[in-house]
Amino acid sequence: MATVTSWRGNTEVVTARRTESHDVPDIVTLFSPVTEDLFGRIDVTYLLGLSNLALTLCNEKNEVLAHAAFLDYPNWNITDQAEWEPFLHENYTNNKCTPLNTLFVHLFVAKEEYAAGCSQEIVRRAFILLPELQFILLFIPSEERLGFSHSELAMGNVFERMTPVPGSRMERRFTLLACPRHRCHPQLYVRQARMEDYDDLMLIWTPQSETLKETYGEYLLVDLIEREGEENQAAVCEVDGTAVGFMSLCSHVNISLFQECFDLGPFHGLCKPHPGDILKVPRKPSVQGDKDESDQTSPKAEPVCSQDLEHVPGADAAVQKDGAVALSQTEVPVGDISNTGSEGSAAPLLETEEGDLHPVYRGDPNVFCIRLFFINEKYETRSLDFLQYAFSVFPDRDLCVILVPHHVPEFPLLQSFVRAVPSCTSRLGRELYVFHRAGLLTSFNVRKATTSDLQGVKILVETLSLSEKIWNDSKIFTEARRDPDGMPVQAFVAEVLDQIVGVSVTRDEMDIEYIRSHYNIEEFIHFNHHQQEEHGHLCHFVLNPVFHHYTKYFLKEILRLGHKSSLYYPIYPEYVEAQFQRPRAHSLTSALHYMAPVRPRRQIVYPLRELGASAPSEQVSKDQLKYSLNHTNRKLVLESKVCINSRIVVVGASDVGISFLETLVFWPRLKFNNLTLISIHGLPGKDPESSKYRRFLINSHCFNDDDYAQMSLCSWVNVVVGKMTSINRSAKYVVVSKEKKVPYDYLVLCTGQSYQALAPTGADSTEVTSQWPQRYTEKVPSNHFTLNNSQDCSEAARWLQENLVSSRGNVIVYGNTIDIYTTVEALLSLGIDGSCIHLVRAPLGSAGPCLGDAALERVVGEALAQAGVAVYPDSVLAEWGQDEHGHIAWAAFKPLESAAAEPLRLPCSAFFSFAYRTLDYETFKAISDACLVFDGRLVIDAKFHTNDASIRAAGPLTKFSRRYFRDDVTHSNFNSKEIGFELAASMLSLFDPSPQPSSEPPEGSDRLIPVYRRCKVQGGVLPGGYNYLHVSKPGIPMALDVEHDPCDHGMEIVTGEAAAGNYFRMHLSRYRMVDSITCFAKEPFPVSNYLCLYGQHERLLNDLCYRWRAGQLSDLYSYFREPWSMAIYHDRFIDLQKELRQTLMSEQVAGQRPEHKAGPKPAFREPVLRYLRQHRAQLPMYGPTDLYTLPAAAGSQGPRPGRAGHSGSSGSPAAAQGPSQERILPTRFLH
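As recorded by an unreviewed UniProt entry, the protein carries the name Cilia and flagella associated protein 61 and is attributed to Cyanistes caeruleus.

Written out as structure tokens, the structure reads:
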């Protein structure tokens, strides 16, 4: 906060923040007649999208007092944006401006009476936010052109006039004003600490003492100052003779401990090079299995020495230092870590007790550490000023390190350091940050590559797996500027002291319409303001880790020199990396830390045959290899995310766990560096070949292979393959597979429930149901299968193909859930004869009916009989016998119909059990031994807390505490994806520093179970080849005849017949809202489309009830393929509904009575037309909206003509609206 004073003497307390799009109307009101004279005609919305930095000053009432926009090239289009540096040197004297240290003001507006104070404060804040910034420049027309003196401007007290070269052509046209850093926020003077500084430092120390003690341990400030010597140094920074910051340095560093706990290869193990170093060691396979490494760097590491920058390679830190894809780290199990260690060379151990191999460094230490650091918050962005002095007192050390606890937020000093990638089993409890002496060099320059740079590029990338590809692409640019396909290519190099330290290769992004329609990119940019050629595709990016903190400036220069406004970087799934050909051969980029992952958009499944010429263009509807998209632009490149180092460990790759991780990864303001997933089979979706075997199990339709590919969780999440076997709550670590210790700050349990091997009750038991079911405690026979995930299904299918398909052995499928039907169908599809399959139903217990619809059960039964599958009534597994190989040879079942009936004995070659689903025993034992409250399931409250504040849980694993008096309601009754999202949202408040819109919860709400609204989904292929889908409201499952009780005043619409394979049932609640959908068809249907129908009002569905009563509906499948329905399937349709509902509510609040006129009112028509116009590419089947003129958005001067991405500029011509299309009117969107 700061105070500004008006020329009238009034004062305002102001706060500076980054400008948001909702500020545009307020900014426009600050325009004055002089604004256009000084800056030209400005479209604020357009300018915000291109600004590297845009700041707004607000008073305590949140009123906008001032705004400034800064870009990295001159205003007034004085020269080409890529050529302004030589232009300044040519036209102005004493010019020290470089692209690294300079920004230009393109707009400044303020409330007139506060303009002088606001200009000074807003420039000061710019220098505070960007430590490398040294100059802010502003071109304004000369006094002759303006007609008044520059001294009359409010900015005169901030800027000074730069002297042009005599005879410069700029002298008469424009005046260049400059504001150097020292006028607003100067660099700090750093010197050796003295005892005289003690009193000044205690004023800073005392308020921060608890935090500092927690961060650095117990230190006495006076001891640190007094004990200065060869190994220990202390420094202070001062302002006007007063000490405002302190740093304690020590050259005694426990290097061997750091080498055990962190990947320090890029920094040569913190040691000086030595001839006896062993750097190349065999690399163990990744925990993810046979992961192709073609897009990753090699494990080689080279010395990093400032004395010889020519020998500084990119090393594999150019990939893994931001935690991008470092899965191999999870293979390093570390036990108890000793705090003892010598200051000399690293311990010469090549192999640990667990057999993991590490490089050996025999050189002298090359590092010193920051033992204690604190500074006045007012000057914390100048923390980097300490390092010049720090390296001067240790001239023989090239590296500086600092250890901070995981929970400490990343303060400004750390933003210039490189975070060392920890072993995810490291129990050191701290994050290690490294800074190299060469990082202090400010001669970092980016330019287009030339032929003479090729040798330097080759040296830089020689240790990378894709080094040849990167070098060849750089060569293509220097020789032809285009690749063999004719695509324009650009290559840029970063150099320091005339040596190449970075290289990047980009090309034009030609798939921009596909990106726009398949990814939520418009969260970051306005397409109307970007031309087609301004979108760039990042192919390669390599930067020496020494200069990692310059990554954002490298990206900024790529955009400026390449005349781009946006960059896109795809990450393709692991299973296709080895197949990459141009243009998919991308090197994994260290710039990922500075890019934003882009959420994929839900796609409409278009009925192309029905749409005909009204179908969307191929660019929108084409089906291509899915990938995860990362993005940056001019606005984002200097906007750092808040890095969260807290160790969040998720146990279980269930739908809940994946949804939780997805929410954290895509959260816009935060970057989580320590996300870890513990899972038996790693991340799902890594083997799409096994997806055909997933039909063994019913599908929840939460995620599919495309979703996993578009999330690319492996880029952000460490994976430990194994099973949680114990939890140590006091030491806060999880034991995986009884050997690996994975530490955590927050533990999230999402294991769910799984099918377990069922113990036979015994042949002589007379009351079998009293002890049924029980877990089988002995070794499970190899031909006994319990399927819980795609990996289990794939392994079972392979076993069957190898051992059973060619023979005629019997397969027993035993259970009481719908999975028994999907498994039988999968067995039949594998070629197993139906007569060899025996379906034995287990007692239902509390599981509820399989299908819940008698008509469907009957048709499925007929299909089983037709296939020759024998079906047996409810029976309990009594016993089984094993052959000499330990396989189940036969199984006996006790029918429940008659207690006197003889047991049913069946020969058995394979046994599938779906009768007993509960918590895995080892998970239960880990939970129980940790003394977490367990009451049949893990007990949680409404906010997912267990009885341990650091442990949260969600999903079918859990139940609500008995104090809620709802034992019948668990997370099993709700949508798993929604549960995962809410779990993440409940934790984000712990990390997100930005204020969240909140309201006081109603009194007693903590005693209520939260309300979840998303639908529950089951889908799969049933016997007879019937495609099945059931969508229901969340809650306790019931049979459909109970669920659709007429007393609910609902309505049921059914078309087709189950036996005919065209059955479609839709149930409407008493409020005419869709609350249940059941599809049963021979032909595949668009599930994602039908899920959009849930929760919609029937009038929105083209007056569904009216048409049903009028006898106009005979087939709901064809009805929901009609063109009118496409808008409902669009992912932005919900935004239109919200806007229209808000309009309706505002009119009701205003007291207006609804008018009953034919057709919609203008207030409702305009949002609909705007919606159709904005999404013309995806919805070309609607009539043209160009006949209507809609008002421009506030603060904008309308769309810029000729810009790519303009609504309606792409897509097929729309077909004429038919009668059914006319029903999509604004009034239909209000319900």
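All right, on to the overall build of the protein then. Scanning the protein for helices and strands turns up 31 helices and 51 strands. A separation threshold of at least 6 residues defines the contact pool for the protein, and within that pool the share at least 24 residues apart is 74%. Put simply, the protein shows about 51,200 Å² of open surface, and 49% of that area lies on carbon and sulfur atoms.

It is worth spelling out unusual backbone geometry at this point. One non-glycine residue, His563, adopts positive backbone phi at about 55 degrees. In this structure, His563 sits in the loop between α15 (551-561) and β22 (566-571). On the basis of relative accessibility, which here comes to 33%, the residue His563 falls in the partly exposed class. A positive phi angle, near 75 degrees, is found at Phe944, a position not held by glycine. One can find Phe944 in the loop between β44 (938-940) and β45 (951-953). Judged by its relative accessible area of 3%, Phe944 is buried.

Turning our eyes to something else, we now look at the sheet that holds strand β10 (residues 232-239). Spatially, β9-β10-β11-β13-β14-β17-β15 is the arrangement adopted by the 7 strands of the open sheet, whose pairing is mixed. What marks the edges here is a single partner per strand, and that holds for β9 (189-192) and β15 (418-419). Across 8 bridges, the pairing between β10 and strand β11 (residues 242-250) is antiparallel. Opposite Asn232, over in β11, you have Cys250 as the bridge partner. Relative to β10, helix α11 (residues 385-393) is tilted by about 150 degrees, and along the sheet it contacts β9, β10, β11, β13 (367-375), β14 (399-405) and β17 (430-436).

Attention shifts here to the packing of aromatic side chains. This structure, assessed with the given rule, holds 48 aromatic pairs. A centroid spacing of 4.8 Å and a plane angle of 45 degrees characterise the contact between Phe541 and Phe554, whose relative ring orientation is tilted. Of this pair, Phe541 sits in strand β21 (residues 535-543) while Phe554 sits in helix α15, and the two are 13 residues apart along the sequence. For Phe541, a relative accessible area of 1% puts it in the buried group. Owing to a relative accessible area of 0%, Phe554 belongs among the buried residues under this scheme. Relative to Phe991, the ring of Tyr746 has its centre 5.7 Å away and its plane inclined at 90 degrees; by these criteria the two rings are edge-to-face. Here Tyr746 is found in strand β33 (residues 746-749), whereas its partner Phe991 is found in the loop between α24 (976-988) and β47 (1016-1022), with 245 residues between them in sequence. Both residues of the pair, Tyr746 and Phe991, belong to the buried class. Every member of this aromatic cluster is reached through a ring pair, and the members are Phe1064, Phe1085, Tyr1090, Tyr1117, Tyr1119, Phe1120 and Trp1124.

The rules behind these values
Residues numbered from 1 in each chain as written. Predicted model: local features only at pLDDT ≥ 70, side-chain atom pairs only at ≥ 80, totals over all residues. Heavy atoms only, no water. Helix = DSSP H or I, 4+ residues; strand = E, 2+ residues; numbered from the N terminus. Contact = heavy atoms within 4.5 Å. Areas by Shrake-Rupley, 256 points an atom, 1.4 Å probe, with all protein chains shown as cover. Buried < 20%, exposed > 50% of the residue type's maximum accessible area, 1.4 Å probe, protein only. Pairing = 2+ DSSP bridges. Axes fitted to C-alpha atoms, helices over the stretch in contact; angles between N-to-C directions. Phe/Tyr/Trp six-rings, centres within 6.5 Å; stacked < 30°, edge-to-face > 60°.

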